[in-house]
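Residues per chain, in single letters:
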Amino acid sequence: MAEAGSVADASDLRPAGAEIEEEKRRDAVSGEPPFKQPRRRDGGLRAALRDALFAALVAAVLGFFFLGLRTEIGPGGLVLSTRWGLFATAVAIVFAGRLLLRLFVFRDARPRTVTAAAPGWAAALTALGRLLGPGLLVLALAFPFLILWLFPQRDRQYLDLAILILTYVMLGWGLNIVVGLAGLLDLGYVAFYAVGAYSFALIAQNFGLGFWLCLPLAGLLAACWGLILGFPVLRLRGDYLAIVTLAFGEIIRIILLNWYDFTGGPNGISGIPKPTFLGMDFSRGEDGVAAFLGIPYDSIHRFVYLYYIILGLALLTNFVTLRLRRLPIGRAWEALREDEIACRSLGINTTNTKLTAFATGAMFGGIAGSFFATRQGFISPESFTFLESAIILAIVVLGGLGSQIGVVIASVVMIGGIELLRNLGFLRDIFGPGFDPTQYRMLIFGLAMVVIMVWKPRGLISSREPSAVLKERKLIGADMVAQGEGH
Amino acid sequence: MESARPRWDLDPVLTVEHLMMRFGGLVAVNDLSFNVGRGDITALIGPNGAGKTTVFNCVTGFYKPTSGRIVMRHGEKVGTGLIEDLTRSGRQYLARDGHAAFLLERMPDYGIAHHARVARTFQNIRLFGGMTALENLLVAQHNKLMLASGYTIAGVLMLPGYRRAKQEAIDKAVYWLERVDLIERADDPAGDLPYGAQRRLEIARAMCADPHLLCLDEPAAGLNPRESAELNELLQFIRAEHGVSVLLIEHDMGVVMEISDHVIVLDYGVKISDGPADFVRNDPKVIAAYLGVEDEEVELVESALETREAGI
Ligand SMILES: Nc1ncnc2c1ncn2[C@@H]1O[C@H](COP(=O)(O)OP(=O)(O)O)[C@@H](O)[C@H]1O
Ligand SMILES: [Mg+2]
């Protein structure tokens, strides 16, 4: 072939090029198929336009009655009014959305290799990933002081929001043990949250015990309920497991609603004691914490204290989960998610292993529940609907099953993001003064789910970190990791 | 030697007696009895659908047999007295004078692996694909590690006893990874390994469970001739160095003849031949069973016969 420096003529170049092509193809095929195919460009825009038009047509047909026409009660009976503006906007949104999706998301439906990121990028990303956890921890520890310093007027609102987010982080981490590690799809996790909350409220009311004594008791009681519910349920597989756990969540709520003498029924339980600090409460008086510490009284102190309690509880959940993952029990949970039959062939009692996962998850749910009760000071069955289970599960799934940091990101985005929407005044200018973005919470949740599932089907952070390493820690891609029952 | 009872009848590690497994109207295994000798490599062969995997599933507790008795013995020459006492007592196992006997048809599958120490592999490989090769071998040592971790409590506190046990478990995993030539891939997910490596890893995983009897379901399926030869070496090593009895299923007669001490042939759920490899190879009933089934195997049997006749 052409020597370096010499000018190659066309007839020389072609075979050389063809040879390289040939080699590349051979390499690609001998490695892991399938190899990347060149993107087809011909007629892309045209096809996309046709597709978008079709989608807009479907939207127009469907929306004609729903959006275009409206019946109103007028003076002489029903009056038909039209809303062509709204109708046209909806159709236009569908057209544009479908066109954009076609052009930028569904570009190539053919299988394609995800080529590894350039080494520099990958290294930078993993380094960033390593820093993310500690960075968030430092931020979380300093958060109340940052808030007091930056937003002295709105401190209470932001602290409240942070406490809410951390509660969901803890719940997400608790559920992650059951769904992410053991691979058991539990749609009734809120039952244990409720058991924890009511245990604390009832023990505090009837026996006068304080928060710190009730907290472990509530956790234990919830774990016991986990065992009781788990025992009959865990024989089921797949979708059946999901349906029965869903039913159990509802049963617990309905019992709470109807057992009036014991739980107060729909009226709930109020006057739940606040947590104390070394036996002192956060009051203005002589024996309050402020007086003890010699600082001027401020009602915000109690919120700062609550914040650190839930932060501590969430970190405890995380610490225990990470520890358990490296212990035989955690490894057995993951093995169970991968292949239950293989587990049994290795002498692992799968029923017990599932029960421990269920009970551990339930315990953290219960502890989070009793924190919820003490923070609110009032609980009623309304707080423990299926929607809560769905939100917690959505956080776990969006974050990436089994990923601890993913749960944090998902909680911050989903809970914090939606609460912050309230402050976006300009949305009112667009959608009218009656618009309350929090009312669209579920819609936004659903949209976020769809977007994540299209973009990253296994959640934000889907790679798995091995629990034991011989020489080199390698992340395991999501395509290898099984998801367990009922997914 | 011909007149004496064969070794596997004198000191069996596993005895299957009158095993019957029925699926609705289909009798997959019918009145099957055989012994697996202690320290032997025993092969269970037969055409596709003969009921070999079903026998394995009965032995390892994944199926509850319709009828029959399956006895596993620990210790040399376990007396029949112990076994009769056990059968009458209604218990799952009985230990006496350093001997123990287990009635596998009464035990749950995980109990068979844990207490009776029967480990197995699967015809379609069942590794924990999303876990690394090392983790796969650690999961196999679950019960030992659970005990050492004080059912998790000592483990959460990282007490020294647990740390020592964990190191031993890792050492054992490393030992088996080296034996099956996968030490370089210890930190790779099992699902990422090539097919032959997955088969070897599954055997290593079963060995990490410290079995007395290792049951392999078609371990040579899908292997190339070189890999097959390596597998034979591995099995002989397992038997020689670790004193583990091996029961393997094979579909292809050629592979097993070299290494098996004892061959049992199954057809339509019925035992049609039982004896040393040489005896079985020339058994007319076996040749007939294979005749109607697959040309390759018939040719194998015939060529084996021809070479023998030529030798005589
Ligand atoms: N779980 C089952 N349910 C119904 N029939 C089964 C089941 N398992 C095996 N069989 C039947 O039993 C027969 C023997 O199967 P198998 O033991 O897998 O054969 P082999 O392993 O020798 O190829 C086959 O006819 C098969 O269809
Ligand atoms: Mg089979």
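Residues numbered from 1 in each chain as written. Chains lettered and ligands numbered in written order. Predicted model: local features only at pLDDT ≥ 70, side-chain atom pairs only at ≥ 80, totals over all residues. Heavy atoms only, no water.

Chain B appears in an unreviewed UniProt entry as ATP-binding cassette domain-containing protein from Propylenella binzhouense. Recorded in UniProt under Sequence similarities (unreviewed entry), the annotation for chain B is "Belongs to the ABC transporter superfamily." (UniProt positions renumbered as here; feature names shortened; annotations may be inferred.)

The name an unreviewed UniProt entry gives chain A is High-affinity branched-chain amino acid ABC transporter permease LivM, with Propylenella binzhouense as the organism. Turning to chain A, the UniProt record has this under Subcellular location (unreviewed entry): "Cell membrane".

## A look at the overall build of chain B
Along chain B, the regular secondary structure elements total 14 helices and eleven strands. Burial analysis of chain B (312 residues in total) assigns 56% to the buried set. The long-range share in chain B, meaning contacts at least 24 apart out of those at least 6 apart in sequence, stands at 66%. (Helix = DSSP H or I, 4+ residues; strand = E, 2+ residues; numbered from the N terminus. Buried < 20%, exposed > 50% of the residue type's maximum accessible area, 1.4 Å probe, protein only. Contact = heavy atoms within 4.5 Å.)

## A short note on the overall build of chain A
Looking only at helices and strands, chain A features 18 helices and four strands. Counting all 487 residues of chain A, 41% fall into the buried class. Accessible surface computed for chain A: about 26,300 Å², of which carbon and sulfur atoms make up 66%. (Areas by Shrake-Rupley, 256 points an atom, 1.4 Å probe, with all protein chains shown as cover.)

## Remarks on the nonpolar core
Side chains of nonpolar character tend, in soluble globular proteins, to be buried together. Of all hydrophobic cores here, the largest spans 161 residues; its most connected members are I379(A), F384(A), L177(B), L201(B), L214(B) and I238(B). Among the elements that line this core, the one with the most residues is helix α5 (residues 155–181) of chain A, at 16 residues. (Core = buried A, V, L, I, M, F, W, Y, C linked by side-chain atoms within 4.5 Å.)

## Points about helix α3 (residues 80–89) of chain B
Residue and element names in this part refer to chain B. Of all the residues in α3, the buried ones are L82, I83 and L86. Viewed along the axis of α3, the buried residues span an arc of 95 degrees, placing them on a single side of the element. In α3, those exposed residues whose orientation departs by more than 90 degrees from the buried face are T80 and R88. Here the buried face of α3 lies against β4 (67–74), β5 (93–96) and β6 (99–103). Phi turns positive one or two residues past the end of α3, at G90, with a value near 80 degrees. (Arc of directions from axis to C-beta.)

## Let's talk about the coordination of the magnesium ion (ligand 2)
Residue and element names in this part refer to chain B. Within the protein, the magnesium ion (ligand 2) binds to T53 (OG1) and Q123 (OE1); these donor distances fall in the range 2.0 to 2.2 Å. A residue pair is termed long-range when its members are at least 10 positions apart, and T53 in helix α2 (residues 52–59) and Q123 in the loop between β7 (118–120) and α5 (133–139) qualify at 70 residues. On the accessibility criterion, T53 (25% relative accessible area) is partly exposed. Note on Q123: relative accessible area 34%, which makes it partly exposed. (Donors = N, O, S within 2.8 Å, 3.2 Å for Na, K, Ca; no water.)

## Brief notes about the side chain of E135(B)
Position of E135(B) relative to the elements: it lies in helix α5. Discounting chain neighbours no more than four positions away, the residues touching E135(B) are R331(A), R464(A), P466(A), S467(A), A468(A) and I476(A).

## A look at the domain arrangement of chain B
Residues and elements named next belong to chain B. Domain annotation of chain B identifies domain 1 (7–117 + 212–281) and domain 2 (126–210). For domain 1 and domain 2, the distance between their C-alpha centres works out to 25 Å. Taken together, the contact pairs 19 residues of domain 1 with 14 residues of domain 2. The junction of domain 1 with domain 2 conceals about 1,300 Å² of combined surface from both sides, 68% of it contributed by carbon and sulfur atoms. Put simply, domain 1 and domain 2 have zero salt bridges between them. Among the elements of the structure, β8 (213–217) and α10 (225–242) are those that each provide at least two residues to the side of domain 1 that touches domain 2. Ranked by the residues each element gives to the side of domain 1 that touches domain 2, the list is headed by α10, at seven residues. Tallied by class, residues from the side of domain 1 that touches domain 2 come to ten nonpolar, four polar and five charged. (Domains from an automatic or database assignment. Buried area = accessible area lost by both parts, 1.4 Å probe. Salt bridge = Lys/Arg side-chain N within 4 Å of Asp/Glu carboxyl O. Nonpolar A, V, L, I, M, F, W, Y, C, P; charged D, E, K, R; others polar.)

## A closer look at unusual backbone geometry
All names here are of chain B. In this structure, R117 takes a positive phi of about 60 degrees despite not being glycine. By the element assignment, R117 lies in the loop between α4 (109–116) and β7. In this structure, E218 is a non-glycine residue whose phi angle is positive, near 50 degrees.

## Comments concerning the sheet that holds strand β2 (residues 26–37) of chain B
By definition, the strands of a sheet pair up through backbone hydrogen bonds, in either a parallel or an antiparallel sense. All names here are of chain B. The antiparallel open sheet is built from five strands, whose spatial order is β2-β1-β4-β6-β5. Among the strands making up the open sheet, the edge pair consists of β2 and β5. Ignoring which end each strand starts from, the neighbouring axes of this sheet average 15 degrees apart. Across the sheet, α2 lies against β1 (12–23), β2 and β4, angled at about 115 degrees from β1, the strand it touches most. Running over the sheet, α3 touches β4, β5 and β6 and is turned about 40 degrees from β6. (Pairing = 2+ DSSP bridges. Axes fitted to C-alpha atoms, helices over the stretch in contact; angles between N-to-C directions.)

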